Amino acid sequence: MSALAQRLRPWRAAWPLIPVLLFLGVVFLYPVGQLLMLSGLEKGTSVLTLAHYERLFTSNLYFRVLVITLETSAWCTFFAIVGGYPVAYLLATTSERRRNNLMIWVLLPFWTSFLVRTFAWIVLLGRNGAINKWLQALGLTDAPLALIYNFTGVMIGMSHALMPLAILTMVSVMENIDANLPRAAATLGARGGQAFWRIYFPLSLPGVAAAGLLVFITALGFFITPALLGGRLQTMITQIIITQVQELLNWAFAGAVSMLLLVTALIVFYFYDRALGMSTLAGETTTSQGGGRRNPIAAIAAWIGDILLGLIGRICDAVSIVYERLVPRPADRLTRQWSRTVLGVVAFLIIGFLAAPTFFIVPVSFTTDAFIEWPPKFYSMRWYDAYFDSPIWMAATVRSLVVATASAGLAMLIGAPAAFVLVRQRIMGKTAMLAFILSPLIIPRIIIAVALFYFYARVGLIGTSIGLILGHAVLAIPYVVVTVMAVLKNYDERLDQAAGSLGATPLRTLWHITIPLIRSGLVAAFLFAFITSFDELTIALFVSGGLATTLPKQMWDDALLKVNPTLAAVSTILLVFITIVILLAEYLRRRSVVR
Amino acid sequence: MTKKLTRIGNLVIGRRRILQLAGGTTIALTAPSYWRKLSAQEKRIVVRDPGGPYSAGFQEAFHTDFKKATGIESVGVAGQHEPTSLIKGMVDTKSYTWDMALLSRAAHDQLLGEGNYLEKLNVDTPSIRATAAHFKTDFFAGNNVFTAMYAFRTDHFKGNEPKTWADIWNVKDFPGRRCLRKHPFDTIEMALLADGVPGDKLYPLDIPRALKKLDQIKKEVAVWWTGGAQTSQLLKTGEVDICTTWNARAQTVIDENAPVKIVWNQNLWSSEGWCIIRGTPKADMCREFIKFAVDGERQAKWTKHVSYGPTHPDAFKYIPEATAKKLPTYPENFKTAIQADAVYWGKNKDKVTEQFESWLLS
């Protein structure tokens, strides 16, 4: 009895987990579970069968597509992290004012819809597209390069879409790294390379791990970008599931394919977790001297990691030494400065890549042409007229803003406290719980949409904004939990203890100490949640039936025969609107700080 | 210019529009109650259409006049490509966000094959009787014909224009970048026609033969398209020189004066028509709508928005010749047309899709 009470004790402190588990249990697990259960039944009956799973093995198609999906997601994660890290590092280590200005550019891709962004790449990267024309005009290439309708196109489109996610997640962790630590290493004789790779980089690892996880799992669900930018060989498993649900009405088999995806993704998550990621995030095993029980995979990973980082550090230092020998510099300048220059150049190139479609969309919105094309024919306001003259467009915009704000708010309210518990409390089954919280991102949205439709019909939520908000919150919670967990990992709890010892109540400590310190992590989490809802199409369609339309849905409906520049105009308006909101918020915050 | 303009940054916005913005906000915020009111109100039906120019076309052709004629308000709502799963959900749970829908014949077959998800029409008017038998069933009253064909860039094929399906396969005489659909529908038929199978002996489709034929140009296909809007973009920018698509997609490019031409020879047609969702309490009002909508003169009205062919024989009396020539049911275009067999596909879609997807990856 007392043993049981002892085992349950951590759970008493873990009560903030209850809302998130309850919410996902009711709005996600219950409806989706019912739908996935069809995969074990004979069609239209309740007779158990393995037929649908057997079919997965009779054709090698499904495993091939699964492998393609995993490979694509893994490469996309690699590019998003490698490209995002320098930008995140620059943002985290520069002045606050400069950071806020750069952040607006990093966030640009968020505010243009998937559809518009993808069409922007189609026009930029095509055979007669802007990039090929410039390359040929500059004499760099003779014939157009195949930048699109192949793996390259998919990688450009997907890593562009997901890099802001990676950057924001990493920045929120990097901001909390004590800048004195690399300096301490330097005073102990470490050169820049060693100080960075052996001190800074390991400290930023929770951010890298969280970003990698979020990007990878989000990428698994991509299908529009690979379909529009890829070629014959770029088929994603979500596309197969959608075909089964929509075109073949074979929900049982769709369920079986979804289970295949879910199980594979969770296996990947398990090994990822053991190797470097979430267990460091969840604070179960700490640094290499952590002591106590350590799993062998993590031990090996840590061992390899240590050697590798040392090696990279040495290489960097060697390069910088060689560089210094070759290019003598005035004695009063520091090594740090030229590495800063390199960092700056790389980061600006990547930010340029992130902003490229936007630079393209804004001029296109003023074209007289009826297609999204480059170069645009100036100058016409007709696409803005089409937007402002249509009550449907306006209503859709407002509705999307309201729904996205509400669902992001809800996801923060439920998700953030859960993240605190997952990082700070020692409870059993943490990995399993995290896997459960992540699973709404793995299950294809079409499955969630169909499941929610049946569930909502029973509880009277069809056609309501509430239904839409709840559905979008399901998708947003994983982003919130992982992002907040990542930022809390580096948080020095002694600050809270200090506040407590000075007489602050836990609530006051939270409000005056913890929240201000992890502010950027919370903002990033909110943004992810917001944008998840703001760009969501499938659930919106099923829940609303299209009557009270949202912005993404209105865009897709409008683009039935062709993608016309109204979509570019809409994106430009949103871009301007949201940038103004961000600048205004920043201005107000700065004023209040000055005061 | 009597309109008062308000200057916001670089954007010039009319005052009327700001009022509309305010109005839009109100609609958005009260949307759920708006919907509930809508479903509770007696004389209103919700009619699904495929969106885009259809919405504007149907508003002009049907919705406005239907209210005037009958007092019943029909609300057009855009729903995504082949909304069969949503309709299944509506019937299963008796949650009718839509009462009726314009569906493709294939979607109709599938919903019936799956288990009776449509209501029997039981409507009879002289207009419906005058409609050809291949445009209607007990559950489906044809509205328009769309067709799968190919279009090419005339600036690329100057003086040597492709004319048959076989020409797509003829890389030697018709060099150029090709674009096919990443989907077995139509693509299989096209391969068989190119291989010399006569139009009336297409079905049941010889899948191995079709895939073997497709092998011949597998490496030549520059782009595999997945969505209709993509094909119009590809043709417009000249990314590809020959592209299979649906006629309205190519037409929208031609209407923008791009050097593009449609090949009507042996085009593969299918139809879309009105279906009532089974169990809707407003089935009788939907029947009124169908009686109203199946009418030559009214069908003629949407043809200036969407270049698909009206099913009613009288419609062409009301369509100017210039527009009529663009439509699939224009006699000249329909002459060699072949009906895509929705029944065959209904039975074999699952298996053939799997074979086709495997072929793509091999």
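The structure displayed is predicted, hence computed values, not measured ones.

About the thresholds
- Residues numbered from 1 in each chain as written.
- Chains lettered and ligands numbered in written order.
- Predicted model: local features only at pLDDT ≥ 70, side-chain atom pairs only at ≥ 80, totals over all residues.
- Heavy atoms only, no water.
- Helix = DSSP H or I, 4+ residues; strand = E, 2+ residues; numbered from the N terminus.
- Rg over C-alpha atoms; globule rule 2.2 N^0.38 Å.
- Buried < 20%, exposed > 50% of the residue type's maximum accessible area, 1.4 Å probe, protein only.
- Contact = heavy atoms within 4.5 Å.
- Areas by Shrake-Rupley, 256 points an atom, 1.4 Å probe, with all protein chains shown as cover.
- Lys, Arg positive; Asp, Glu negative; His and termini not counted.
- Charge placed at Lys NZ, Arg CZ, Asp CG, Glu CD.
- Buried area = accessible area lost by both parts, 1.4 Å probe.
- Salt bridge = Lys/Arg side-chain N within 4 Å of Asp/Glu carboxyl O.
- Nonpolar A, V, L, I, M, F, W, Y, C, P; charged D, E, K, R; others polar.
- Expected span 1.5 Å × (residues − 1).
- Bend = angle between axes of the 7 residues up to and from the residue.
- Phe/Tyr/Trp six-rings, centres within 6.5 Å; stacked < 30°, edge-to-face > 60°.
- Patch = residues over 30% accessible without salt bridge, like charges linked within 9 Å, V, L, I, M, F, W, Y side chains within 5 Å.
- Core = buried A, V, L, I, M, F, W, Y, C linked by side-chain atoms within 4.5 Å.
- Domains from an automatic or database assignment.
- Polar contact = N/O pair within 3.5 Å; in protein donor to acceptor, adjacent residues only side chain to side chain.

## Describing the overall build of chain A
Helix and strand content of chain A: 27 helices and 0 strands. Scaling as 2.2 N^0.38, a compact globule of 595 residues should have a C-alpha radius of gyration of about 25 Å, and chain A matches this with 25 Å. The 595 residues of chain A split such that 57% are buried. Considering only intrachain contacts with a sequence separation of at least 6, the fraction spanning at least 24 residues in chain A is 78%. Surface exposure of chain A reaches about 25,000 Å², of which carbon and sulfur atoms provide 69%. Treating the 43 positive side-chain charges of chain A as one cloud and the 26 negative ones as another, the clouds have centres 7 Å apart.

## Here's the deal with the interface of chain A and chain B
Quite often, the size of an interface is put as the accessible area lost when its parts meet. Facing the 70 residues of chain A at the interface are 78 residues of chain B. Regarding the contact of chain A and chain B, the summed buried area is about 6,500 Å², with carbon and sulfur atoms giving 60% of it. By the criterion of area lost to chain B, the three top residues of chain A are Arg232, Leu547 and Leu561 of chain A, representing 13% of everything that side buries. The interface formed by chain A and chain B includes 6 salt bridges. Among the ionic pairs, Asp369 of chain A bridges to Lys236 of chain B, the shortest N-O distance being 3.4 Å. Along the lines of polarity and charge, the residues of the side of chain A that touches chain B split into 39 nonpolar, 16 polar and 15 charged.

## As for helix H21 (residues 465-489) of chain A
All names here are of chain A. With 25 residues, H21 should reach 36 Å at 1.5 Å per residue; the first-to-last C-alpha distance of 35 Å fits that figure. Maximum bend of H21: about 35 degrees, positioned at Ala476, with proline Pro478 one to four residues after it. Of all the 25 residues making up H21, 23 are buried; the element is thus mostly covered by neighbouring parts of the structure.

## Concerning the packing of aromatic side chains
With the rule as written, the count across this model stands at 57 aromatic pairs over all chains. Between the aromatic rings of Phe360 of chain A and Trp374 of chain A, the centroid separation amounts to 5.2 Å while the plane-to-plane angle is 35 degrees, which identifies the pairing as tilted. Here Trp374 of chain A lies in the loop between helix H16 (335-364) and helix H17 (382-388) and Phe360 of chain A lies in helix H16, a separation of 14 residues in the sequence. Judged by relative accessible area, which is 3%, Phe360 of chain A ranks as buried. Between the aromatic rings of Tyr344 of chain B and Trp345 of chain B, the centroid separation amounts to 5.6 Å while the plane-to-plane angle is 80 degrees, which identifies the pairing as edge-to-face. The class for Tyr344 of chain B is buried, based on a relative accessible area of 11%. The class of Trp345 of chain B is buried, set by a relative accessible area of 4%.

## Examining a nonpolar patch on the surface
Taken together, the side chains of Trp75, Phe78, Phe79, Val82 and Phe151 of chain A make up a nonpolar region of the molecular surface, amounting to roughly 480 Å² of accessible area. The greatest single-element share of the nonpolar patch, amounting to 4 residues, is contributed by helix H4 (residues 61-93) of chain A.

## Details of the nonpolar core
Most often, soluble globular proteins keep nonpolar side chains buried together rather than apart. Core analysis: the largest hydrophobic core is formed by 306 residues, its most contacted members being Ile447 of chain A together with Ile188, Trp274 and Ile290 of chain B. Counting the residues that make up this core, at least three belong to each of domain 1 (43-145 + 271-334) and domain 2 (147-269 + 342-361) of chain B. Formed by 6 residues, the second largest nonpolar core is a distinct cluster that contains Ile319, Ala324, Leu327 and Tyr330 of chain B.

## Observations concerning the domain arrangement of chain B
Residues and elements named next belong to chain B. Here the domain parsing of chain B yields domain 1 (43-145 + 271-334) and domain 2 (147-269 + 342-361). Contacts between the two partners involve 16 residues from domain 1 and, on the opposite side, 13 residues from domain 2. In total, domain 1 and domain 2 occlude about 1,200 Å² of area from one another, counting both sides; carbon and sulfur atoms represent 58% of this. Of all residues in domain 1, Tyr308, Lys326 and Asn333 bury the most surface against domain 2, accounting for 37% of the area lost on that side. Applying the counting rule to domain 1 against domain 2 returns 1 salt bridge. Inspection of the region where domain 1 meets domain 2 yields 4 residue pairs in polar contact (both at pLDDT 80 or more). The leading source of residues in the side of domain 1 that touches domain 2 is helix H5 (residues 105-115), at 4 residues. For the side of domain 1 that touches domain 2, a count of residues per class yields 7 nonpolar, 5 polar and 4 charged.

## Topic: the environment of Pro144 of chain A
All names here are of chain A. One can find Pro144 in the loop between helix H7 (130-137) and helix H8 (151-174). You can call Pro144 partly exposed: its relative accessible area is 37%. Residues Pro144 and Thr532, 388 residues apart in the sequence, show an inter-C-alpha distance of 36 Å. When near neighbours in sequence (up to four residues on either side) are disregarded, Pro144 contacts Arg127, Asn132 and Gln136.

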